[in-house]
Amino acid sequence: DLETLRQMRGKWPVLWVNVDGVGHPGTVQALGDIFALHRLGLEDVTDVPQRAKVAAYGDHLLIVARMARLIPELDLEQIGIFVGRDYVLTFQERPGDPLDPVRARIRAGHPRIRGSGPDYLAYAVIDAIVDHYFPVLESYADRLDALEEEIVGRPSRRSMNRLHHAKRELMSLRRAIWPLRDALAALVREPGELVTQPTLVYLRDCQEHAVQIVDLVETYRDLGSSLTDLYLSSVSHRMNEIMKVLTIFASIFIPLGFVTGIYGMNLVHPPVAWYWRWGFAFGVMGVVALGLLAFFWRQGWLGREK
């Protein structure tokens, strides 16, 4: 309701307006006129996705960030945060966000957030966005642990596909959080007039959390590469085991085929009963087979490691 919003403008110490959806240029432009937002800033919130950044436009700031959620697949959504002297205006791509803890603190009358200015409210929004990366990364840690057990136990093409999917999503997380870390560092270095000194302390803490998230993402990406090498090693080891079994069977049947070939020749056999003659042949074959099995066992090629 734009008309009601115009009437509310200036009646509150801090006014937070959250906009779900940036696909209607007329509404976005009307909001820009109400709050006197810069045209370039409005273009940044409507042209998605943008790289995370901080831009100063005189009497207001624009902070662009990416929100990460699992619903259940990874969802990265852009949010544009305008910070003025008495307002915070947030633009999201679609409904749903990790900002419910901030809303709950406001509704509960939390003294710090209710008694501070728009810069602290903007910090609370950014902090909720950054902190929500941690449970997302924990889910990837659990997924990688399960993939490690699956790859070690019984590697398959399905496990490899899941691993590649997790690595691609971790790369997307890296692209989302790395620029945000740099943007927060720039905001801490040059806060401007809209960010007070007490809020600057909290922003430094938020920047440190972003640095921790970047380190975790890099760690999990390295773990994903190690699991790829583990998968290749497991597949190679399994193939070697199969070839070993086939080679053992071939080694046993080669001398048996030799004995059978000799007795199958059209030769003059000794004048003994046929059952003695064939019994001797099968006895030789059995002794040879058992001898080879015993040799393979002692070498550690059958049943146990050497």
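Not measured: the values here are computed from a predicted model.

**Details of the packing of helix α7 (residues 133–153) against helix α8 (residues 157–189)**
Part 1 of the argument: Contact geometry for α7 and α8: axes closest at 11 Å, N-to-C directions at 155°. With respect to α8, the element α7 is oriented roughly antiparallel. Judged by the twist between their axes, the crossing of α7 over α8 is left-handed. Judged by residue contacts, Tyr133, Val136, Leu137, Tyr140, Arg143, Leu144, Leu147, Glu150 and Ile151 of α7 engage Arg158, Ser159, Arg162, Leu163, His165, Ala166, Glu169, Leu170, Leu173, Ala176 and Ile177 from α8.
Part 2 of the argument: Residue composition of the contact of α7 with α8, grouped by class: 13 nonpolar, two polar and five charged.

**Comments concerning the sheet that holds strand β2 (residues 53–56)**
Part 1 of the argument: Across the sheet, which stays open at both edges, the five strands sit in the order β1-β5-β4-β3-β2 with mixed pairing between neighbours. Of all strands in the sheet, those bounded by a partner on one side alone are β1 (15–20) and β2. Between one strand axis and the next, the sheet turns by 20° as a mean value, whatever way the strands run.
Part 2 of the argument: Bridging between strand β4 (residues 74–83) and strand β5 (residues 87–92) involves five bridges; their strand directions are antiparallel. Along β5, the bridge assignment pairs Phe82 with Leu89.
Part 3 of the argument: Relative to the sheet, α7 contacts β3 (61–70) and β4, its axis offset from that of β3 by approximately 30°.

**A closer look at the pattern of salt bridges**
Part 1 of the argument: Following the criterion strictly, the structure yields 17 salt bridges and no others.
Part 2 of the argument: Here Arg69 ties to Glu77 by a salt bridge, and the two come within 3.4 Å at their closest N and O atoms.
Part 3 of the argument: Note on Glu77: relative accessible area 0%, which makes it buried.
Part 4 of the argument: For the salt bridge of Arg94 with Asp75, the shortest nitrogen-to-oxygen distance reads 2.5 Å. Residue Arg94 is located in the loop between β5 and α4 (100–107), and its partner Asp75 is located in strand β4; the two are separated by 19 residues in the primary sequence.
Part 5 of the argument: Residues joined by salt bridges that share partners form a network here, namely Arg69, Asp75, Glu77, Glu93 and Arg94.

**Overview of the layout of surface pockets**
Part 1 of the argument: Roughly 440 Å³ of volume is contained in the largest pocket.
Part 2 of the argument: For the largest pocket, the lining is made up of 13 residues, of which Val14, Leu15, Trp16, Ile106 and Arg114 are closest to its centre.
Part 3 of the argument: When contributions to the lining of the largest pocket are tallied by element, the ones reaching two or more residues are β1 and α5 (111–115).
Part 4 of the argument: By residue number, the principal contributor to the lining of the largest pocket is β1, which donates four residues.
Part 5 of the argument: Residue composition of the lining of the largest pocket, grouped by class: ten nonpolar, two polar and one charged.

**Brief notes about the environment of Asp100**
Part 1 of the argument: Topologically, Asp100 is positioned in helix α4.
Part 2 of the argument: Looking at Asp100, the relative accessible area reads 49%, which means it is partly exposed.
Part 3 of the argument: It is 8.7 Å that separates the C-alpha atoms of Asp100 and Ala128, two residues lying 28 residues apart in sequence.
Part 4 of the argument: Side chain to side chain, Asp100 and Arg103 meet in a polar contact 3.0 Å long.

**A few points about the environment of Pro118**
Part 1 of the argument: Mapped onto the elements, Pro118 comes out in helix α6 (residues 118–131).
Part 2 of the argument: For Pro118, a relative accessible area of 9% corresponds to the buried category.
Part 3 of the argument: Excluding residues that lie within four positions of it along the chain, Pro118 makes contacts with Val14, Val83, Gly84, Arg85, Asp86, Tyr87 and Val88.

**Comments concerning the confidence of the model for the protein**
Part 1 of the argument: Overall, the prediction assigns the protein a mean pLDDT of 85, with 90% of residues at 70 or greater.
Part 2 of the argument: No element of the protein has a lower mean pLDDT than helix α10 (residues 274–299), which averages 69, and none a higher one than α6, which averages 94.

**A few points about the pairing of β1**
Part 1 of the argument: Taking every second residue as pointing to the same face, the buried face of β1 carries Leu15, Val17 and Val19, while none of Trp16, Asn18 and Asp20 on the other face is buried.
Part 2 of the argument: Here β1 runs beside β5; their pairing, made up of six bridges, is parallel. In the strand pairing of β5, Asn18 is matched with Thr90.

**Section: the pairing of β3**
Part 1 of the argument: Of all ten residues that make up β3, nine are buried, and the element is covered over most of its length.
Part 2 of the argument: Pairing geometry for β2 and β3, over four bridges, is antiparallel. By the bridge assignment for β3, Lys53 is matched with Val64.
Part 3 of the argument: Between β2 and β3, which pair antiparallel and follow one another directly, the connecting turn spans four residues, one of which, Gly58, has a positive phi of 75°.
Part 4 of the argument: Sheet topology note: the β3/β4 ladder contains ten bridges and is antiparallel. Within β4, the residue paired with Leu70 across the bridge is Leu74.
Part 5 of the argument: Where β3 hands over to β4, the hairpin turn is made up of three residues, counted between the paired strands.

Calculation rules
- Residue indices follow the written sequence of each chain, beginning from 1 at its first position.
- Given that this is a predicted model, residues contribute local features only at a pLDDT of at least 70 and side-chain atom pairs are listed and counted only at 80 or more, while totals for whole chains, interfaces and linings are drawn from all residues.
- In computing side-chain values, all of the structure's heavy atoms are included and hydrogens and water are not.
- Axis lines are fitted through C-alpha atoms, for helices just across the contact stretch, and the angle between N-to-C directions can take any value from 0 to 180 degrees.
- Runs of E in the DSSP output that reach at least two residues are strands. Runs of H or I that reach at least four are helices, and both are numbered from the N terminus.
- Each angle receives one of four descriptions, namely roughly parallel if under 35 degrees, roughly antiparallel if over 145, roughly perpendicular if within 65 to 115, and oblique otherwise.
- Crossings are classed by handedness, with left-handed meaning an anticlockwise turn of the near helix from the far one by less than a right angle and right-handed meaning a clockwise turn.
- Whether two residues touch is decided by their heavy atoms; if any such pair falls within 4.5 Å, the residues are in contact.
- Following the grouping adopted for this structure description, the nonpolar residues are Ala, Val, Leu, Ile, Met, Phe, Trp, Tyr, Cys and Pro, the charged ones are Asp, Glu, Lys and Arg, and the polar ones are all others, Gly among them.
- At least two DSSP bridges between two strands are required for those strands to pair.
- Within this document, salt bridges are pairs made up of a side-chain nitrogen of Lys or Arg and a carboxyl oxygen of Asp or Glu, the two lying within 4 Å of each other.
- To sort residues, take the accessible area from a 1.4 Å probe on protein chains only and compare it with the maximum for the residue type: under 20% means buried, over 50% means exposed, and anything in between is partly exposed.
- Cavity: a set of points on a 1 Å grid over the protein atoms alone where a 1.4 Å probe fits but cannot get out. Pocket: an open set with protein on both sides within 12 Å along at least five of seven lines, its lining residues, like those of a cavity, having an atom within 4 Å of a point.
- Grid points are joined across faces, edges and corners, and a volume is the space filled by probe spheres set on the points.
- Two N or O atoms count as a polar contact when they lie within 3.5 Å, although within protein this holds only if one can serve as hydrogen donor and the other as acceptor, and sequence-adjacent residues are included solely when both atoms are side-chain atoms.
- The predictor reports its confidence for every residue as pLDDT, a score running from 0 up to 100.

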